[in-house]
Amino acid sequence: MPDGAVPVLDVRDLKTVFLTRSGEVHAVNSVSFDLSPGELLGVVGESGSGKSVTMMSLIGLLPSPPAQVRGGSAIFDGADLLKIPEKQLRRIRGPRIGFVFQDPMTSLNPVFDVGFQIMEPLRKHMGMNKTQARRRAQELLELVGIPDAGRRLNDFPHQFSGGMRQRVMIAIALACDPDVLIADEPTTALDVTIQAQILDLMKRLRDQLGMAVIWITHDLGVIAGIADRVIVMYGGQVVEQAPVKELFGNPQHPYTRALLETVPSVTGDRAPRLRVIEGQPPILSATPAACSFRARCGHAFGRCYVENPQRMPAGSGHDVACFWDPATGEPRDV
Amino acid sequence: MFDAPRKLIEVSGLKIHFPIHGGFLRRRVGQVKAVDGVSFDIVEGETLGLVGESGCGKSTCGRALLRLYDLTEGSIRIDGKEIGDADHATLRRIRPKMQMVFQDPQASLNPRMTLSRIIGEPLDEHTNLGRKEKLARIYELMDAVGLNRSFANRYPHEFSGGQRQRIGIARAIALNPSFIVCDEPIAALDVSIQAQVVNLLEDLQEKFDLTYLFISHDLSMVRHIADRVAVMYLGRVVELTTRDRLYTQPLHPYTEALLSSVPEPDPSLATLRDRVILQGDVPSPANPPRGCNFSTRCPRVMDICHRLDPQSKEVAPGHFVACHLHDPRINEIASEVAAEQEAHQEHPTRRET
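Quick caveat, the model's predicted, so the values are computed rather than measured.

Draft legend 1. The arrangement of the domain arrangement of chain A in detail. All names here are of chain A. Its domain assignment divides chain A into domain 1 (9-96 + 177-285) and domain 2 (108-175). Taken residue by residue, the interface counts 18 residues in domain 1 and eleven residues in domain 2. Regarding the contact of domain 1 and domain 2, the summed buried area is about 1,200 Å², with carbon and sulfur atoms giving 71% of it. Taken as a group, Asp-177, Ile-198 and Leu-201 account for 28% of the area that domain 1 buries against domain 2, more than any other trio of residues on that side. In this structure, the connection of domain 1 to domain 2 is made through zero salt bridges. On the surface where domain 1 and domain 2 come into contact, there are five residue pairs in polar contact (both at pLDDT 80 or more). At nine residues, helix α8 (residues 192-209) tops the list of elements feeding residues into the side of domain 1 that touches domain 2. For the side of domain 1 that touches domain 2, the residue count by class is twelve nonpolar, three polar and three charged.

Here it is, written out as structure tokens:
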């Protein structure tokens, strides 16, 4: 993030808990991050790391109960998204913070044509009449690269392929010209050649429209190609945060390092054997009192078992929540 | 490879077509050509990777190899025995030799059976082991796949995705098979767990002399595990060669595009790379385009591609590719086709056969 720029979204100490029959699940534990205007922030983590729950908490999309946002703040345009009344949140969620989900089939309504679904936010939030909304809807479909846009407006979701549906979802999310777009694994359900098309489209749209994007994924390859800055999540916490080149070139957290080593590539040297992160991700039944990666970490020492590391600076724009320093191979002096 | 490796699986001209029924009387109105003329061999002890996008027919092809579908056409030989037209009793005798690991370990394990019953089921079906011997074998299998023996009486829902996949693998190796079809075995798993399962598969291959058909859409993982790789597009194998050749000098334009679509997990390389981004979507296998199946999306499409379906040719030893670009006789063929079409235009009454 350039110094002095006012973040468009500033999240501090977000905590989200699920109340289940077998006790509490602390899905998000003190997550903090900020987002600059026009920035593409990648959020990486495995399933259950809390990356989706974090974003859903911000825009109030988690059903409560069982979910409960226990604390923290999320400042967007001077307002705290976690505290403002639902009515006010509705004027932000959608028109100003758009989102695209993983599965384009379940997020589109099968009984309405896509034209109606793109026009809906335009008429509701932008006060357009039918003709204006339809013209804008066609523009949006053209923007996301759907050929023959005018005619396609009358088609229903099942008449589109997976990649095309995801383009429609992006068009809906962009309808009101949002300041922030949250994309939750938008290419995971797609084939690689289609994924390449969507990634290309997103990069172009971001440059063209200048919005900030939060891109959630478990695929480091996707992140490497698209993000400006990355946060790595593990066990409901941010364990590392850095500009993309720094993160891939100089990863600090043992989890990030292991993750990078377990992923094979289609180019470069081929390792005879894949590196493995042994064990399973943690079960988050309480606020962690120790490092949540300790059981799978090759460098864990005494302190990791009794204290949960906080994020500490590790270079320019780079911070990490770990007591171990890969540069010296020794515990950090903190 | 001097001591002529033995071919364990020989597939030739394999076609699997599924009927489409429609209309008021549910009459047959067409067919989905899921696999449309596929030939390849798998030699003993190797891993053949089968890659392609969803809907290209790779899973159908894998399942057909185990005769889980009836063939529309073609032949499949396992260890020299033809199974394409084998009857039920014959298949039952052969099946212990060929097993499958499924994509979704959640859906492929019966939730009401304990782990020991799941792993023991193939033993009940195909062997006459006594209770003690069976339990000993189940423990042996659990050790082999890295499952704690104390889990034997637990149910599938008590396990994580990676552990469930281990159960599926234990079940697959229970009868000492020689050939296993791994149908996207890691697609449903997290990155850090994928590596565990792939390493396990490699260990088992070495230990039990297994031959794998590894079906996946993950090109980087296939590069890791496979010895040779076949690329499928719309029911056809468009390119088949050794791993190193495929990843360093792909010949088919589809393979090139597929490889360049894989996101590079290194930002400094990712921005440098010259990417081929394909336009459009895969056509429907119920209505494939005329000529080459890939002609609708191919960045290097030629006139001939819309007219003539390319045949698979061995362009270098062990390197097969089905593309007009790599056919040395292409100019000859192109002029022949053009002449033929002219003749058609002169005699419009003559019908193409």
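Moving on from the coordinates now.
Draft legend 2. Expanded view of the interface of chain A and chain B. Each partner contributes residues to the interface: chain A has 42 residues there, and chain B has 40 residues. Area buried by chain A at its contact with chain B is led by Thr-193, Val-266 and Arg-270 of chain A, which between them contribute 20% of it. At the junction of chain A with chain B, the criterion picks out one salt bridge. We note a salt bridge from Asp-203 of chain B to Arg-273 of chain A, for which the minimum N-O separation is 2.9 Å. The element contributing the most residues to the side of chain A that touches chain B is α8 of chain A, with seven residues. Here the side of chain A that touches chain B is composed, by residue class, of 17 nonpolar, 14 polar and eleven charged.

Draft legend 3. Representation of the sheet that holds strand β6 (residues 98-101) of chain B. All names here are of chain B. Spatial strand order, β6-β7-β8-β3-β9-β10-β12-β11: eight strands in an open sheet with mixed pairing. Two strands lie at the open edges of the sheet, namely β6 and β11 (313-316), each paired on one side alone. Direction aside, neighbouring strands of the sheet carry axes that sit 20° apart on average. Note: strand β10 (residues 236-242) against strand β12 (residues 319-321), two bridges, orientation antiparallel. In the sheet register, Glu-239 faces β12, and the bridge partner there is Val-321. Strands in contact with helix α5 (residues 161-173) are β6 and β7 (179-183); relative to β6, the strand with the most contacts, it is inclined by about 175°. Relative to the sheet, helix α9 (residues 253-261) contacts β3 (47-51), β9 (228-233) and β10, its axis offset from that of β9 by approximately 100°.

Draft legend 4. Spatial organisation of the pairing of β7 of chain B. Residue and element names in this part refer to chain B. Among the five residues of β7, five are classified as buried, and the element is accordingly described as predominantly covered. Side chains Phe-179, Val-181 and Asp-183 project from β7 onto one buried face, and the interleaved Ile-180 and Cys-182 project onto a second face that is buried too. Of the pairings in the sheet, the one linking β6 to β7 comprises four bridges and is parallel in character. Residue pairing across strands places Met-100 opposite Val-181, the latter belonging to β7. Here β7 runs beside strand β8 (residues 211-216); their pairing, made up of five bridges, is parallel. Residue pairing in the sheet places Asp-183 in a bridge with Ile-215 of β8. In the classification by handedness, the crossover that spans β7, the intervening helix α6 (residues 191-208) and the parallel β8 is right-handed.

Here is what the cut-offs are and how they apply
- Residues numbered from 1 in each chain as written.
- Chains lettered and ligands numbered in written order.
- Predicted model: local features only at pLDDT ≥ 70, side-chain atom pairs only at ≥ 80, totals over all residues.
- Heavy atoms only, no water.
- Domains from an automatic or database assignment.
- Contact = heavy atoms within 4.5 Å.
- Buried area = accessible area lost by both parts, 1.4 Å probe.
- Salt bridge = Lys/Arg side-chain N within 4 Å of Asp/Glu carboxyl O.
- Polar contact = N/O pair within 3.5 Å; in protein donor to acceptor, adjacent residues only side chain to side chain.
- Helix = DSSP H or I, 4+ residues; strand = E, 2+ residues; numbered from the N terminus.
- Nonpolar A, V, L, I, M, F, W, Y, C, P; charged D, E, K, R; others polar.
- Pairing = 2+ DSSP bridges.
- Axes fitted to C-alpha atoms, helices over the stretch in contact; angles between N-to-C directions.
- Buried < 20%, exposed > 50% of the residue type's maximum accessible area, 1.4 Å probe, protein only.
- Right-handed = clockwise from strand over helix to strand, strands pointing away.

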